[in-house]
Amino acid sequence: MKPLRLLPFFALTGAVLAADLPPDHAEKMTRGLELFRKEIAPLLKENCLDCHGGAKTKADLDLATREGLLHGGSDGVFVVPFNAAGSRVMKLVRHEDDPHMPEKKPKLPDAAIAKLSAWIDLGAPYDEPLIAGKTAPRDKGHVSDEDRKWWSFQPLARVSPPAGAPHPVDAFLLQAAAEKKLALAPAADARTLIRRATLDLTGLPPGPERVDAFVAASASDPQGALAALVDELLASPAYGERWARHWLDVARFAESSGFEHDYDRPHAYHFRDFVIRALNADMPFDQFARWQLAGDEFAPGDPLAMMATGFLGAGVFPTQITANEVERTRYDAMDDMLSTTSSAFLGLTVGCARCHDHKFDPIPAQDYYRLLSTFTTTVRSNIDLPIDPEAYAKEKAEFDRKKSELAAALAGFEKQTLAPKFDAWLVSGAKESGSGNWALLELGGIKSQGGAKFTRQADGSWLASGPSAASDTYTITASTTQRRLTGLRLDALSDPSFKAKGPGRADNGNFALSHIRVTATPLAGGSAREVKIASAMATHEQNKGGLSVASSLDDQPSTGWAVDAGGIGKDQSAAFIFAEPVDCEGGATVTVVLDFAVNTKHTIGRPRLSITGDAAPALEAGVVPANVAALQAKAGPLTAEEKGIFFDWWKQRDAGWKERNGKLAEVAKKEPKNGKPVMVCAEGHPPIVMHSQGPPFLKETHILKRGDTNQKQALAQQGFLQVLMRGADESRWQWSPPKDAPYSGRRRSLAGWMTDTEHGAGALMARVAVNRLWQHHFGRGLVATPNDFGHTGAAPSNPALLDWLAAELIRNGWHLKP
């Protein structure tokens, strides 16, 4: 019997197991080796090696050696020794996950699957490679224990300050100076010290009175005076404003998009405000990091957390993206997020692994893409957030006061002045003078052949939005109980949503009605019949020829009613007089078809229809709702309810009412919003698109050969840097969001790994953070390359001090001010 090859297994244990070995692992491995020789090796050779370890290694998964098995492939860990239930291979062979394995062969028999499971639970041992003579050199993408020995990848050293100095920092410095036979500079005098401290913490010089007070206090208690001064400066708003500048440089913050167009980002400044507020509030640095990566996932209801996500979108971004550039530009945008995140928080140049394994640091390209997939669906968005509730409460209270006063004045005017006038008007018999008015048609439906959408407005018109086709046909239906119909009125109303306020949807605000057709169907039953139009009149027409209202009655699609040459930006109307009255006892369903074919996008944007039974219809007559028209024609007195309906229409013609109502309407338009637009970088919100000929994000991230989007390999599944994982069970950081949440949870998972000081990257993040503090206090960090703690960066000048400071940061709850 060949000896059990345990040594390579133990060498890999730290990299592949999250838990300790089972106490009976040796005995299990012996049994597992017997099972491997008899059953598993033949099974793997027959069903697996064709794709994974023989002539091919699909998905970077090589099963020819145990090292390759444990390393896994581009989709992550494949087998967890002693844990078949936690091994992805079992889902694949049971056809519970894609791709099924074997991929192009029948599913393995249940007995074979059971043996494979038992072998993994016994430690998944090999006694020799499945292919004779094949060795297991360092696999592509593999990180060894040797790689983990670099100083910055190590856990924090347990360091105690040397003795002999009142302050621990002084103790470390004195020891280093003594080793080099150097003496420290003499202590600064009080005037120099206050100037240094004030400029350092606030960026501002101290005033003469403050200097004198500090000098006087220092004379009797120098340490107490300095402590009080530092507390005072750290409590100043200027502290956050000063120190935010340092982080904004790291975060590549800008309020424009960069490149040649350099469009403004009017709502990006909220990220700057978050940094200032976080520093002044002494937000723990681990929370500071988590919120910038995934504030929307950690605290979705907190506006400050949402503001923090602006970190991910603070870099440059092109605003002109052609169809051929969309995919490459998206990978560039995700690379900017990942590269900035890794350099800012971890001091690592992870972006160097985009095209190949990192040349100097143990960062495989595979790890790069696993991290990159974190940001697959993360986009910049502008959303409204209630960022200043107190200011909003004050503005809203003042708005409510003004609105209430104007509403009370209007109600008083109606009751005291208009109501008596209205009653007198009714008594005088003027109610019957409503003949000649146009009765508003309440539409049963309005459809656009070109796909436009319509929304009913308070005045009975319908506002178009959405697609604006080059040519279009509107089909409108309405029912009326009015028996006699002699004419149809079409109002083309202006609106701020149109170019030049319209009333058309053309690029110059014009429209051109090439033809109008009207049919009537009796409500009592009967066939539809076309209503012939004898003549037409309009409030304005572009000319008296081919663009007159009369030309909408001919059969020429190149002519029609238009209103340029003085009619743009104003309400326009046309009346179409029937050749003979329509007389339907019980009323009729009226169908109106409007064709727009004269010019591109020349459709009416806000149509409204009315009818009349008057013998001589006139455009000057008013448009009234159908129910009011019925009340005008009613014989006898009105009920209280009918009188109220009539009064609500009648009062709107009074000049005094219009003036008061207009003031109320103007104030109502200025109601303050409980929120301001903020640029966030999150998921589930409408993205900022600008000038792009493609989607704002990709649905999946691929591993790219040489970083080339034309050379896609396997799909990238989120993972983390192997060199900064104590164990391979990444599930400890993977977070699943609540059902129906708009976000994926990937950014929160990344933040969890990054701030984990025991198993993840937290120790390195703490080192990088305290090094930045030292750098900005003293001009040079303990590591002189603050964004590169890798092999090409500088070694720490005082490793013990760096690790002690990092440990103190963590021990103090990640608070920076201490």
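From a predicted model like this one, the values you see are computed outputs, not experimental measurements. (Residues numbered from 1 in each chain as written. Predicted model: local features only at pLDDT ≥ 70, side-chain atom pairs only at ≥ 80, totals over all residues. Heavy atoms only, no water.)

### Here's the deal with the overall build of the chain
- For the chain, the helix and strand inventory stands at 22 helices and 21 strands.
- Relative to the 2.2 N^0.38 estimate, which gives 28 Å for 818 residues, the radius of gyration of the chain is 39 Å and therefore markedly larger than a compact globule would have.
- Once the C-alpha set of the chain is aligned to its principal axes, its extents read approximately 110 × 90 × 50 Å.
- Every one of the 818 residues in the chain was classed for burial, and the buried ones make up 48%.
- In the chain, once contacts between residues fewer than 6 apart in sequence are set aside, the share between residues at least 24 apart is 72%. (Helix = DSSP H or I, 4+ residues; strand = E, 2+ residues; numbered from the N terminus. Rg over C-alpha atoms; globule rule 2.2 N^0.38 Å. Buried < 20%, exposed > 50% of the residue type's maximum accessible area, 1.4 Å probe, protein only. Contact = heavy atoms within 4.5 Å.)

### With respect to the packing of aromatic side chains
- Within the structure shown, the criterion is met by 34 aromatic pairs.
- When the ring of F285 is compared with that of W814, the centres are 6.5 Å apart and the planes differ by 20°; the resulting orientation is stacked. Separated by 529 residues along the polypeptide, F285 in helix α12 (residues 285-298) and W814 in the segment after α22 (799-811) bring together distant segments of the chain. Both residues of the pair, F285 and W814, belong to the buried class.
- Judged by centre distance (5.6 Å) and plane angle (85°), the ring pair of F720 and W733 falls under edge-to-face. (Phe/Tyr/Trp six-rings, centres within 6.5 Å; stacked < 30°, edge-to-face > 60°.)

### A word on the pattern of salt bridges
- Scanning all chains against the criterion turns up 46 salt bridges.
- With a closest N to O distance of 2.8 Å, R401 and E405 form a salt bridge. Of this pair, R401 and E405 both sit in helix α16 (residues 389-427), separated by four residues, roughly a single helical turn.
- The salt bridge partner of R489 is D491, with a shortest N-O separation of 2.8 Å. Like D491, R489 is buried. (Salt bridge = Lys/Arg side-chain N within 4 Å of Asp/Glu carboxyl O.)

### Overview of the environment of S461
- Relative to the elements of secondary structure, S461 occurs in the loop between β5 (453-456) and β6 (462-465).
- With 147 residues separating them along the chain, S461 and R608 place their C-alpha atoms 4.4 Å apart.
- S461 has contacts with T455, R456, L493, R606, P607 and R608, leaving out every residue within four places of it along the chain.
- Within the local environment of S461, its side chain forms a polar contact with the side chain of D459, the two groups lying 2.6 Å apart.
- Of note is the side chain of S461, whose polar atom sits 2.9 Å from the side chain of R606. (Polar contact = N/O pair within 3.5 Å; in protein donor to acceptor, adjacent residues only side chain to side chain.)

### Focus on the pairing of strand β16 (residues 607-612)
- Where burial is concerned, most of β16 is hidden: six out of the six residues are buried.
- Residues of β16 alternate between two faces, with P607, L609 and I611 on one and R608, S610 and T612 on the opposite face, all of them buried.
- Relative to β16, strand β3 (residues 438-440) is paired through two bridges, and the arrangement is antiparallel. Residue pairing for β16: A439 is matched across the bridge by I611.
- One ladder, built from six bridges, connects strand β8 (residues 484-492) with β16; its direction is antiparallel. Its bridge partner being in β16, G487 is matched across the sheet by T612. (Pairing = 2+ DSSP bridges.)

### Describing the nonpolar core
- Counting 101 residues, the largest nonpolar core has W247, F274, F345, L346, L724 and W753 as its most contacted members.
- Setting aside its immediate chain neighbours within four residues, W753 contacts L346, L371, F720, L721, L724, M725, W733, G760, A761 and G762.
- Counting 54 residues, the second largest nonpolar core, distinct from the first, contains W425, V628, F646 and W650. (Core = buried A, V, L, I, M, F, W, Y, C linked by side-chain atoms within 4.5 Å.)

### Some points on the sheet that holds β8
- In spatial order, the strands read β12-β14-β8-β16-β3-β17; together these six strands make up an open sheet with mixed pairing. Each edge of the open sheet is held by one strand with a lone partner, namely β12 (533-538) and β17 (623-625). Averaged over all adjacent pairs, the angle separating strand axes in this sheet is 30°, with direction ignored. (Axes fitted to C-alpha atoms, helices over the stretch in contact; angles between N-to-C directions.)

### Re the packing of helix α7 (residues 190-202) against helix α8 (residues 208-220)
- Contact geometry for α7 and α8: axes closest at 9 Å, N-to-C directions at 125°. When the interaxial angle is binned, α7 and α8 end up oblique. Handedness of the crossing formed by α7 with α8: right-handed. Contacts between α7 and α8 involve A190, R191, L193 and I194 from the former and R210, V211, D212, F214, V215 and S218 from the latter. (Parallel < 35°, antiparallel > 145°, perpendicular 65-115°, else oblique. Left-handed = near helix turned anticlockwise from the far one by under 90°.)

### A few points about helix α20 (residues 746-754)
- Those residues of α20 that fall on the buried side of the exposure criterion are R747, S749, L750, A751, W753 and M754.
- Taken together, the buried residues of α20 touch α12, α14 (326-346), α15 (365-372), β18 (676-682) and α21 (762-778).

### Here's the deal with α14
- Taking 1.5 Å per residue, 21 residues should reach 30 Å; α14 reaches 29 Å between its end C-alpha atoms and fits that length.
- Across the 21 residues that make up α14, a large majority, 18, are buried.
- G347 occupies a position one or two residues after α14 and carries a positive phi of about 60°. (Expected span 1.5 Å × (residues − 1).)

### Details of the environment of S551
- Tracing the backbone through its elements, the reader meets S551 in the loop between β12 and β13 (561-562).
- For the pair formed by S551 and V624, sequence separation is 73 residues and the distance between their alpha carbons is 28 Å.
- A distance of 2.6 Å separates a polar atom in the side chain of S551 from the backbone oxygen of S548.

### What to know about the pairing of β6
- As paired strands, β5 and β6 are joined by four bridges and run antiparallel to one another. Across the sheet, residue F454 finds its bridge partner in β6, namely A464.
- In this antiparallel pair of consecutive strands, β5 and β6, the connection spans five residues, and G460 shows a positive phi of 90°.

### Quick look at the packing of α12 against α20
- Viewed as axis vectors pointing N to C, α12 and α20 meet at an angle of 135°, and their least axial separation amounts to 8 Å. In terms of their interaxial angle, α12 and α20 are classed as oblique. Considering the relative orientation of α12 and α20, their crossing is left-handed. Across from R290, L293, A294, D296, E297 and F298 in α12, the residues of α20 making contact are R746, R747, R748, L750, A751 and M754.
- Class assignment of the residues belonging to the contact of α12 with α20 gives a composition of six nonpolar, no polar and six charged. (Nonpolar A, V, L, I, M, F, W, Y, C, P; charged D, E, K, R; others polar.)

### Focus on the sheet that holds strand β15 (residues 588-596)
- With antiparallel pairing, the five strands of this open sheet are ordered in space as β4-β7-β15-β10-β11. Two strands lie at the open edges of the sheet, namely β4 (443-448) and β11 (529-531), each paired on one side alone. The mean inter-strand angle of the sheet, taken between neighbouring strand axes irrespective of direction, is 20°.

Function-wise, these values are silent; they only describe arrangement.
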